Amino acid sequence: MRAIDCDCGEHLEAPDDAGLARRVREHAERNHPEMSLGEAEARRMVAERGYSTSGGENVDPRAPSGA
């Protein structure tokens, strides 16, 4: 699974980056309409801030411990 955490605290997950970008756009449209987030921006956010989940736990590669 791929995941991303919104600055508002919402945790979003999807099976792959394409699905996660769709979830990001849906979330932005519903909760942050002022962002006017397009497909390219959502994909960029996923590429920059998305991370993989493993075994039901979040694994954020940006974290110093890798967990």
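The following refers to the structure shown.

Calculation notes
- Residues numbered from 1 in each chain as written.
- Predicted model: local features only at pLDDT ≥ 70, side-chain atom pairs only at ≥ 80, totals over all residues.
- Heavy atoms only, no water.
- Disulfide = S-S within 2.5 Å.
- Salt bridge = Lys/Arg side-chain N within 4 Å of Asp/Glu carboxyl O.
- Helix = DSSP H or I, 4+ residues; strand = E, 2+ residues; numbered from the N terminus.
- Buried < 20%, exposed > 50% of the residue type's maximum accessible area, 1.4 Å probe, protein only.
- Core = buried A, V, L, I, M, F, W, Y, C linked by side-chain atoms within 4.5 Å.
- Contact = heavy atoms within 4.5 Å.
- Axes fitted to C-alpha atoms, helices over the stretch in contact; angles between N-to-C directions.
- Parallel < 35°, antiparallel > 145°, perpendicular 65-115°, else oblique.
- Left-handed = near helix turned anticlockwise from the far one by under 90°.
- Nonpolar A, V, L, I, M, F, W, Y, C, P; charged D, E, K, R; others polar.
- Pairing = 2+ DSSP bridges.
- Arc of directions from axis to C-beta.

A word on the state of the cysteines. Within this structure, the stated rule accounts for zero disulfides. Cys6 takes part in no disulfide bond, and the closest cysteine sulfur, belonging to Cys8, lies 3.5 Å away.

In this section: the pattern of salt bridges. Under the counting rule described, the total for this entry stands at six salt bridges. For Arg25, the salt bridge goes to Glu29, with nearest N and O atoms at 3.9 Å. Of the two residues, Arg25 and Glu29 both sit in helix α1 (residues 17-31), four residues apart, roughly one turn of that helix. For Glu29, a relative accessible area of 52% corresponds to the exposed category. The structure contains a network of salt bridges with shared partners spanning Arg25, Glu29, Glu39 and Arg43.

This brings us to the nonpolar core. Note that soluble globular proteins tend to have their nonpolar side chains buried in a common cluster. Membership of the largest hydrophobic core is limited to 11 residues, which are Ile4, Leu12, Ala14, Leu20, Ala21, Val24, Ala28, Leu37, Ala42, Met45 and Val46. By residue number, the principal contributor to this core is α1, which donates four residues. Setting aside anything within four residues of it in sequence, one finds Ala42 in contact with Ala21, Val24, Arg25 and Leu37.

It is the contact of α1 with helix α2 (residues 39-49), at a shortest axis distance of 9 Å, that shows an interaxial angle of 120 degrees. As the angle between them shows, α1 and α2 are arranged oblique. Every pair of crossing elements has a handedness; the one defined by α1 and α2 is right-handed. Residue-level inspection shows Asp17, Ala18, Leu20, Ala21, Val24 and Arg25 of α1 in contact with α2, the latter providing Glu39, Ala42, Arg43, Met45 and Val46. A class-by-class count of the residues in the contact of α1 with α2 yields seven nonpolar, no polar and four charged.

Both strand β1 (residues 2-5) and strand β2 (residues 11-14) contribute to a ladder of four bridges, which runs antiparallel. Bridge pairing in β2 places Arg2 opposite Ala14. With antiparallel pairing between neighbouring strands as the criterion, β1 and β2 make up a hairpin whose turn holds five residues, including Gly9 at a positive phi of roughly 105 degrees.

The next point concerns α2. Inspection of α2 places Ala42, Met45 and Val46 among the buried residues, and these make up the whole buried set. The buried residues of α2 all sit within an arc of 95 degrees when viewed along its axis, so they share a single face. Residues of α2 that are exposed and point more than 90 degrees away from the buried face comprise Ala40, Ala47 and Glu48. On the buried face of α2, the contacting elements are β1 and α1.

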